[in-house]
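Architecture and fold: a report
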Amino acid sequence: MAVYTGGERFPNHTNFMKYHDRNKCVSVSAIDQWVMPALNALQFRAVYFADDSGETVNFAYQFKKMDDGSWKIAGFNRTN
C-alpha cells in the first residue's frame, strides 16, 4: 500500500461525497478486513457513511510498528 498523496485526504471530500453537507461529520459504519501482512504491519478498511446523503466511501489504512513499540500510520488509500 502506497502513501496517499492526493489532495483528497478526508472521507467527506467533494470528490468522494458530492451531495454531503461539509459542515456535518460522516459516521464510521464499519471497520473490517483486518490483515497482518507481517508481524510489524497491520491493515484494515474503514467505511464512512454520510447520514444526510446516504453516500459512502471506503479507505484502507496501514500501520507499522516502530522500534519503540508504538504504531504509526504508514499509508492510506481510497478503496472500492
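Everything below is about the structure shown above.
The text that follows walks through the structure, step by step, so that each part is easy to find.

Cut-off values and rules
- Per-chain numbering applies: the sequence of each chain, read as written, is numbered from 1 onward.
- Whole-chain, interface and lining totals are the exception, using all residues; otherwise, since this is a predicted model, local features are given only for residues with pLDDT of at least 70 and side-chain atom pairs are given and counted only at 80 or more.
- Here the side-chain values reflect all heavy atoms present in the structure, with hydrogen atoms and water set aside.
- The pairing criterion is simple: DSSP has to find at least two bridges between the two strands.
- In this description a helix means any DSSP run of H or I spanning at least four residues, a strand means any run of E spanning at least two, and both kinds are numbered starting from the N terminus.
- Surface patches are defined over residues having more than 30% relative accessible area and no salt bridge, joining like charges when they lie within 9 Å and nonpolar side chains (Val, Leu, Ile, Met, Phe, Trp, Tyr) when within 5 Å.
- Computed with a 1.4 Å probe, the accessible areas rest on the Shrake-Rupley method; for each residue, only the protein chains presented here act as cover.
- A carboxyl oxygen of Asp or Glu within 4 Å of a side-chain nitrogen of Lys or Arg is what we treat as a salt bridge.
- Summary of the burial criterion: residues with accessible area below 20% of their type's maximum are buried, those above 50% are exposed, and those between are partly exposed, where the area comes from a 1.4 Å probe applied to protein chains only.
- Note on aromatic contacts: the rings of Phe and Tyr and the six-membered ring of Trp form a pair at centre separations within 6.5 Å, being stacked when their planes are under 30 degrees apart, edge-to-face when over 60 apart, and tilted otherwise.
- What makes a nonpolar core is a set of buried Ala, Val, Leu, Ile, Met, Phe, Trp, Tyr and Cys residues whose side-chain atoms join them at distances within 4.5 Å.
- Neither His nor the chain ends is counted toward charge; the positive residues are Lys and Arg and the negative residues Asp and Glu.
- The contact definition used throughout considers only heavy atoms, calling two residues in contact when any of these lie within 4.5 Å.

1. Examining the pairing of strand β1 (residues 27–38)
When β1 meets strand β2 (residues 41–49), the two strands line up antiparallel, connected through seven bridges. Bridging across to β2, Ser27 finds its partner in Phe49. The loop that links β1 with its antiparallel partner β2 comprises two residues.

2. Here's the deal with a nonpolar patch on the surface
A cluster of nonpolar side chains, contributed by Val28, Ile31 and Trp34, occupies part of the molecular surface with about 320 Å² of accessible area. Under the relative-accessibility criterion, Trp34 is labelled exposed at 51%.

3. Examining the pattern of salt bridges
One pass over the full model with this rule turns up one salt bridge. Of the charged contacts, one joins Asp32 and Arg45 as a salt bridge, the two residues approaching to 2.8 Å between their closest N and O atoms. Highlighted residues: Asp32 in strand β1 and Arg45 in strand β2, separated in sequence by 13 residues. For Asp32, a relative accessible area of 24% translates into the label partly exposed. Residue classification places Arg45 among the buried positions, given a relative accessible area of 17%.

4. A short note on the packing of aromatic side chains
What characterises a pair of aromatic rings is the spacing of the ring centres plus the angle enclosed by the ring planes. One pass over the structure, following the stated rule, counts eight aromatic pairs. Aromatic pair Phe16 and Phe59: ring centres 5.5 Å apart, planes at 85 degrees, arrangement edge-to-face. Placement of Phe16 in the segment before β1 and of Phe59 in strand β3 (residues 56–65) is noted, with a sequence separation of 43 residues between them. As far as burial versus exposure is concerned, Phe16 and Phe59 are alike and both buried. Measuring from centroid to centroid gives 6.1 Å for Tyr48 and Phe59, while their planes differ by 75 degrees, and the two rings are edge-to-face. Here Tyr48, found in strand β2, pairs with Phe59, found in strand β3; they are eleven residues apart in sequence, far enough to count as distant. In this pair, the class of Tyr48 matches that of Phe59, namely buried.

5. Re the nonpolar core
By size, the foremost hydrophobic cluster in this structure holds ten residues: Phe16, Met17, Phe44, Ala46, Tyr48, Ala50, Val57, Phe59, Tyr61 and Phe76. Contributions of two or more residues to this core are made by β2 and β3.

6. Side note on the side chain of Glu55
On the secondary structure map, Glu55 appears in the loop between β2 and β3. Arg22 provides the closest opposite charge to the buried, unpaired Glu55, separated from it by 5.9 Å. When neighbours within four sequence positions are excluded, Glu55 is seen to be in contact with Phe16, Met17, Lys18, Tyr19, His20, Tyr48, Phe49 and Ala50.

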